[in-house]
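Remarks on the overall topology
Here are the chains, one letter per residue:
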Amino acid sequence: MIMDNNKDYYKILGIDRNADQEEISKAYKKLCMKWHPDRWVNATEEEKKNAEEKFKEVNEANSILSDKQKRQHY
């Protein structure tokens, strides 16, 4: 996965920069539930696309912040 240093992964997950692994995990799970594409089946196409993009961002942020080496590099 390519890190985008222009994105604020902490802001995406809504956590503090000093967040521990448990806080990262909780925030990730909460946002996955909110933005999962299956929850948006009755939405407009624009809403579905927005939810899909948010879901991808949340997954990318979690991928970076939950890995100690990637987080340190970030």
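Residues numbered from 1 in each chain as written. Predicted model: local features only at pLDDT ≥ 70, side-chain atom pairs only at ≥ 80, totals over all residues. Heavy atoms only, no water.

**Regarding the overall build of the protein**
Across its full length, the protein holds 4 helices and 0 strands. Along its sequence from the N terminus, the protein presents helices and strands in the succession α-α-α-α. Taking the principal axes of its C-alpha atoms as reference, the protein extends roughly 40 × 25 × 15 Å. A fraction of 58% describes how many contacts in the protein between residues 6 or more apart in sequence connect residues 24 or more apart. (Helix = DSSP H or I, 4+ residues; strand = E, 2+ residues; numbered from the N terminus. Contact = heavy atoms within 4.5 Å.)

**Brief notes about the nonpolar core**
In terms of nonpolar packing, the biggest core is built from 16 residues, with Leu13, Ile15, Ile24, Trp35, Val58 and Leu65 touching the most fellow members. Residue assignment for this core shows that the elements contributing at least two residues are helix H1 (9-13), helix H2 (21-35) and helix H3 (45-65). With 6 residues, H3 is the single largest residue contributor to this core. In this view, Ile15 contacts Tyr10, Glu23, Ile24, Ala27 and Leu65; residues no more than four positions away in its chain are not counted. (Core = buried A, V, L, I, M, F, W, Y, C linked by side-chain atoms within 4.5 Å. Buried < 20%, exposed > 50% of the residue type's maximum accessible area, 1.4 Å probe, protein only.)

**With respect to the pattern of salt bridges**
This model, assessed by the stated rule, comprises 5 salt bridges. For the salt bridge of Asp8 with Arg17, the shortest nitrogen-to-oxygen distance reads 3.6 Å. With its nearest N and O atoms 3.5 Å apart, the salt bridge here joins Lys48 to Glu45. Here Glu45 and Lys48 lie together in helix H3, a separation of 3 residues that amounts to about one turn. According to the relative accessible area criterion, Glu45 is exposed, its value standing at 59%. (Salt bridge = Lys/Arg side-chain N within 4 Å of Asp/Glu carboxyl O.)

**Here we look at the environment of Asp8**
With respect to the helices, strands and loops of the structure, Asp8 is situated in the segment before H1. For the pair formed by Asp8 and Ala61, sequence separation is 53 residues and the distance between their alpha carbons is 8.3 Å. In contact with Asp8, not counting residues within four places along its chain, are Arg17 and Tyr74. Looking at Asp8, its side chain comes within polar contact range of the main-chain nitrogen of Tyr10, at 3.1 Å. (Polar contact = N/O pair within 3.5 Å; in protein donor to acceptor, adjacent residues only side chain to side chain.)

These results come straight from atomic positions and should not be treated as a statement about function.
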